[in-house]
There are 2 protein chains.
Amino acid sequence: MPVGTVASVKSLTSDQLRQIDPEIILCNTYHLMLRPGSELIGKIGGLHRFMDWDRPILTDSGGFQVFSLANTRKITEEGVEFRSHLDGSKHFLSPERSIEIQEQLGVDIAMAFDECTPYPATRDEAEKSMALTHRWAKRSLDARRGESALFGIVQGGTFADLRRRSVEEISSLPFEGLAIGGLSVGEPKEEMLRVLEDTVPLLPADRPRYLMGVGTPEDLVEGVAAGVDMFDCVMPTRNARNGTLFTSEGKVSIKNARFRDDPRPLDPECGCPTCRSVSRAYLRHLFVSGEMASASYNTIHNLWFYVDLMRRIRQAVESNSFGAFRESFLSRNLTDEALSEPALGSTAGGA
Amino acid sequence: MPVGTVASVKSLTSDQLRQIDPEIILCNTYHLMLRPGSELIGKIGGLHRFMDWDRPILTDSGGFQVFSLANTRKITEEGVEFRSHLDGSKHFLSPERSIEIQEQLGVDIAMAFDECTPYPATRDEAEKSMALTHRWAKRSLDARRGESALFGIVQGGTFADLRRRSVEEISSLPFEGLAIGGLSVGEPKEEMLRVLEDTVPLLPADRPRYLMGVGTPEDLVEGVAAGVDMFDCVMPTRNARNGTLFTSEGKVSIKNARFRDDPRPLDPECGCPTCRSVSRAYLRHLFVSGEMASASYNTIHNLWFYVDLMRRIRQAVESNSFGAFRESFLSRNLTDEALSEPALGSTAGGA
């Protein structure tokens with residue numbers, strides 16, 4: 001799921017997003033409740049009409065964002081009181097309020113309000129946090145009034161037995177899908193993969209499994225190998241704006257001087273509108289010149305890369321060749337010097 | 001001509017620019033010679049391929065920009081020595097160098113290197129400046145080696161007799177088109193219109209007439225009434241980024257609170273991709289949230305407005321109804337409160 005935090009996948013119009021053809025996108029409840037407000041969006045027809053996107057939309061619960069406001073929020077059994085990062089005004093989020101907001105937005109998939117257990121956490125901290133998430137999961141379900149599907153979130157930190165208990169508790173509740181929260185929050189990569197392998201196989205196979213906030217292209221492949229169906233991450237969009245682009249040969253920084261007069265498409269194997277339209281030299285020029293179109297061209301490419309990767313994964317799964325796909329993908333010999341061979345006829349000259 | 005200063009119409013990809021369907025765009029020689037350099041662009045296939053734009057491109061000569069570097073440039077008979085606004089490095093532009101650069105870019109229409117007479121200027125200053133422009137016009141023609149069409153530029157400040165002499169001199173030379181320079185440089189609007197009326201009718205009817213750097217929608221209509229064929233201006237693009245939008249009811253500032261929960265398209269009479277896609281409330285939200293897509297949606301709308309205005313002008317000219325069109329257009333009762341009536345069902349409420 002591309003991330004459209006404030007009802008906009010950054011630097012793209014909805015027409016451009018449709019060209020990239022994602023099946024679903026994610027928006028952030030925390031940002032939208034503060035500006036422009038869910039009542040406003042609801043009143044003018046809901047989030048789909050507001051942002052001109054008629055495919056599915058999933059919203060997070062707002063929990064993750066308010067917990068990260070470490071110095072300006074207060075957590076109680078009832079919910080979380082916090083101050084807006086925009087103007088310092090006081091707000092309150094609870095399972096009931098989060099579901100109400102997400103239903104006002106009219107999203108296809110709402111998320112239960114949970115506490116994202118921080119890393120590192122002691123076993124005792126992780127257990128208390130998980131128990132709160134479980135109580136809030138039931139309150140989230142009880143708060144439902146509308147048509148949005150509701151996904152529950154498994155917590156439990158990095159502790160295998162807590163994850164197991166959380167899976168049992170959350171999957172016993174009538175959620176339409178199940179998410180794994182509390183990963184990609186600072187733990188080492190091996191720790192994340194271990195928790196995934198411990199947790200995902202326990203999830204019921206008849207409901208979608210969503211790994212929140214993950215990750216790199218390799219993470220997506222490993223996540224699918226563990227049994228995950230859905231992902232969201234700001235990585236492709238944020239990297240695009242920083243000039244870091246994903247290619248079939250690995251990540252590259254488009255500002256690198258070796259692209260200065262390189263007439264080739266960024267990734268000759270890519271069929272995205274950017275690679276069909278302009279050269280590495282042009283992408284570098286836009287980036288170093290600070291042109292706004294740099295973000296658009298780069299975002300189109302990176303999101304296409306991610307959406308295309310998931311499409312190839314689905315095809316591999318459907319044709320029973322995912323194992324080979326995974327092995328091939330993870331053994332790619334990637335370096336920071338991807339795309340480094342000089343262009344034909346390229347020289348160091350120029351104005 | 002939409003302005004694509006550094007080989008990019010700001011905030012748009014070339015796909016988006018094609019949707020707006022302008023017949024020709026303008027790029028700036030000064031900016032491109034400094035970054036990425038005309039040799040580089042020439043080496044990788046020319047400006048059209050570089051920016052993925054296969055319709056005509058016109059470049060200015062760079063003169064206007066270097067003259068505006070008031071404190072860091074030195075004008076001699078030979079040309080202009082100046083320092084880059086990017087890094088302070090020394091550069092030189094002359095008729096010969098300007099034509100060479102524009103031919104390296106491979107543009108369809110190059111402009112002669114001229115001195116833009118400042119406003120105000122005494123008659124003596126304007127006459128000396130005009131004479132220099134005339135000598136540089138001949139040198140520009142002599143410097144031609146390539147296929148680009150070359151337009152000459154009429155100067156003469158605000159003095160009718162100088163403008164007449166400049167028209168005689170420039171139109172006697174084998175330029176493919178003729179431009180009126182030195183307007184929209186600070187003079188009162190009535191002064192500009194008077195010079196236009198004094199000058200344009202003197203230009204030969206068999207070559208295109210281009211009014212440089214102008215202007216408002218009303219200026220375009222008045223320019224055509226005076227006999228002008230071509231215009232360029234940053235007004236639609238720059239205003240778009242500042243949230244000022246042109247509509248059939250006049251200019252509006254999209255950040256205005258009255259658009260907060262207005263579900264209607266920006267201009268119900270407009271068929272642009274923005275007006276077909278999103279509401280005033282959404283455009284306001286993107287602008288006040290500082291989202292990059294705000295610039296794209298707004299630029300698409302404003303350029304569409306300008307391109308559509310020129311299309312309607314051409315249709316009126318072809319059907320011999322331009323007089324009526326002009327009268328109707330200029331008598332529109334525009335105010336800063338355009339689009340001000342409240343939306344149906346709109347209230348001051350919301351989050």
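Thresholds applied
Residues numbered from 1 in each chain as written. Chains lettered and ligands numbered in written order. Predicted model: local features only at pLDDT ≥ 70, side-chain atom pairs only at ≥ 80, totals over all residues. Helix = DSSP H or I, 4+ residues; strand = E, 2+ residues; numbered from the N terminus. Rg over C-alpha atoms; globule rule 2.2 N^0.38 Å. Buried ≥ 20, exposed ≤ 12 C-beta atoms within 10 Å, placed from the backbone. Contact = placed C-beta atoms within 7 Å. Pairing = 2+ DSSP bridges. Right-handed = clockwise from strand over helix to strand, strands pointing away. Least-squares fit on C-alpha atoms with pLDDT ≥ 70 in both. Nonpolar A, V, L, I, M, F, W, Y, C, P; charged D, E, K, R; others polar. Axes fitted to C-alpha atoms, helices over the stretch in contact; angles between N-to-C directions. Domains from an automatic or database assignment.

**Points about the overall build of chain A**
Moving on, step 1. In terms of helices and strands, chain A carries 15 helices and 12 strands.
Moving on, step 2. A compact globule built from 351 residues should have a C-alpha radius of gyration of about 20 Å, and chain A, at 21 Å, falls within 12% of that.
Moving on, step 3. Summarising its shape, the C-alpha atoms of chain A cover approximately 65 × 45 × 40 Å along the three principal directions.
Moving on, step 4. Out of the 351 residues belonging to chain A, those deemed buried represent 49%.
Moving on, step 5. Across chain A, every contact between residues at least 6 apart in sequence was considered, and the portion connecting residues at least 24 apart equals 66%.

**Concerning helix 13 (residues 280-288) of chain A**
Moving on, step 1. Along helix 13 of chain A, 8 of the 9 residues are buried, which leaves the element largely enclosed by surrounding structure.
Moving on, step 2. All of the buried residues in helix 13 of chain A are A:Arg280, A:Ala281, A:Tyr282, A:Leu283, A:Arg284, A:His285, A:Leu286 and A:Phe287.
Moving on, step 3. Buried residues belonging to helix 13 of chain A abut helix 14 (292-318) of chain A together with helix 4 (47-51) of chain B.
Moving on, step 4. Trailing helix 13 of chain A by a residue or two, A:Gly290 shows a phi angle of about 70 degrees, which is positive.

**What about the pairing of strand 7 (residues 149-154) of chain A?**
Residues and elements named next belong to chain A.
Moving on, step 1. Counting buried residues in strand 7 gives 5 out of 6 residues, a clear majority hidden from the surface.
Moving on, step 2. With 3 bridges joining them, strand 6 (residues 109-111) and strand 7 adopt parallel strand pairing. The partner of Ile109 across the bridge, within strand 7, is Ala149.
Moving on, step 3. The sheet contact formed by strand 7 and strand 8 (residues 177-180) spans 4 bridges and is parallel. By the bridge assignment for strand 8, Val154 is matched with Ile180.
Moving on, step 4. For the crossover from strand 7 across helix 8 (residues 160-171) to strand 8, the handedness is right-handed.

**A short note on the relation of the copies chain B and chain A**
Moving on, step 1. Mapping chain B onto chain A calls for a screw motion: a turn of 180 degrees about the axis and a shift of 0.0 Å along it, with 0.0 Å RMSD after fitting. In symmetry terms, the pair is related by a two-fold rotation axis. Minimal C-alpha distance to the rotation axis in chain B is attained by B:Met292, lying at 3.8 Å.
Moving on, step 2. Taken together, the interface assignments show that 100% of the residues at the interface of chain B recur at the interface of chain A, consistent with an identical surface on both copies.

**Quick notes on the interface of chain B and chain A**
Moving on, step 1. In this complex, chain B contributes 41 residues to the contact, which on the side of chain A involves 41 residues.
Moving on, step 2. Every element with two or more residues in the side of chain B that touches chain A is listed here: helix 1 (14-20), helix 3 (38-43), helix 4, helix 12 (273-277), helix 13 (280-288) and helix 14 (292-318) of chain B.
Moving on, step 3. With 5 residues, the top contributor of residues to the side of chain B that touches chain A is helix 14 of chain B.
Moving on, step 4. Residues that form the side of chain B that touches chain A fall into these classes: 20 nonpolar, 13 polar and 8 charged.

**Here we look at the environment of B:Phe325**
Residues and elements named next belong to chain B.
Moving on, step 1. Relative to the helices and strands, Phe325 resides in helix 15 (residues 322-330).
Moving on, step 2. Sequence-wise, Phe325 and Val221 are 104 residues apart; in three dimensions their C-alpha atoms are separated by 8.9 Å.
Moving on, step 3. Apart from residues no more than four positions distant in its own chain, Phe325 is found in contact with Ile313 and Ala316.

**With respect to helix 10 (residues 217-226) of chain A**
Residues and elements named next belong to chain A.
Moving on, step 1. Across the 10 residues that make up helix 10, a large majority, 7, are buried.
Moving on, step 2. Listed as buried for helix 10 are Pro217, Asp219, Leu220, Val221, Glu222, Gly223 and Val224.
Moving on, step 3. In this fold, the buried residues of helix 10 make contact with helix 9 (189-199), strand 9 (209-211), strand 10 (230-231), strand 11 (244-247), helix 14 and helix 15 (322-330).
Moving on, step 4. Positive backbone phi, approximately 115 degrees, marks Gly227, located one or two places after helix 10.

**Things to note about the sheet that holds strand 5 (residues 90-93) of chain B**
Residue and element names in this part refer to chain B.
Moving on, step 1. Reading across the sheet, the 3 strands line up as 3-4-5 and stay open at both edges, with antiparallel pairing between neighbours. Looking at the sheet topology across the chains shown, the edges are occupied by strand 3 (73-75) and strand 5. With strand direction ignored, the average angle separating the axes of adjacent strands in the sheet is 15 degrees.
Moving on, step 2. Of the pairings in the sheet, the one linking strand 4 (residues 80-83) to strand 5 comprises 4 bridges and is antiparallel in character. Bridge assignment links Arg83 to a residue of strand 5, and that residue is Lys90.

**Quick word on the sheet that holds strand 4 (residues 80-83) of chain A**
All names here are of chain A.
Moving on, step 1. Taken in spatial order, the 3 strands line up as 3-4-5 in an open sheet, and their pairing is antiparallel. A strand with exactly one partner marks an edge of an open sheet, and here the two such strands are strand 3 (73-75) and strand 5 (90-93). Here the average twist between neighbouring strands, direction ignored, is 15 degrees.

**Brief notes about the domain arrangement of chain A**
All names here are of chain A.
Moving on, step 1. Taken domain by domain, chain A consists of domain 1 (14-237) and domain 2 (250-330).
Moving on, step 2. For domain 1 and domain 2, the distance between their C-alpha centres works out to 28 Å.
Moving on, step 3. Each partner contributes residues to the interface: domain 1 has 13 residues there, and domain 2 has 16 residues.
Moving on, step 4. Among the elements of the structure, helix 1 (14-20), helix 10 and helix 11 (235-241) are those that each provide at least two residues to the side of domain 1 that touches domain 2.
Moving on, step 5. No other element matches the 6 residues that helix 10 contributes to the side of domain 1 that touches domain 2.
Moving on, step 6. Considering only residue class, the side of domain 1 that touches domain 2 consists of 8 nonpolar, 3 polar and 2 charged.

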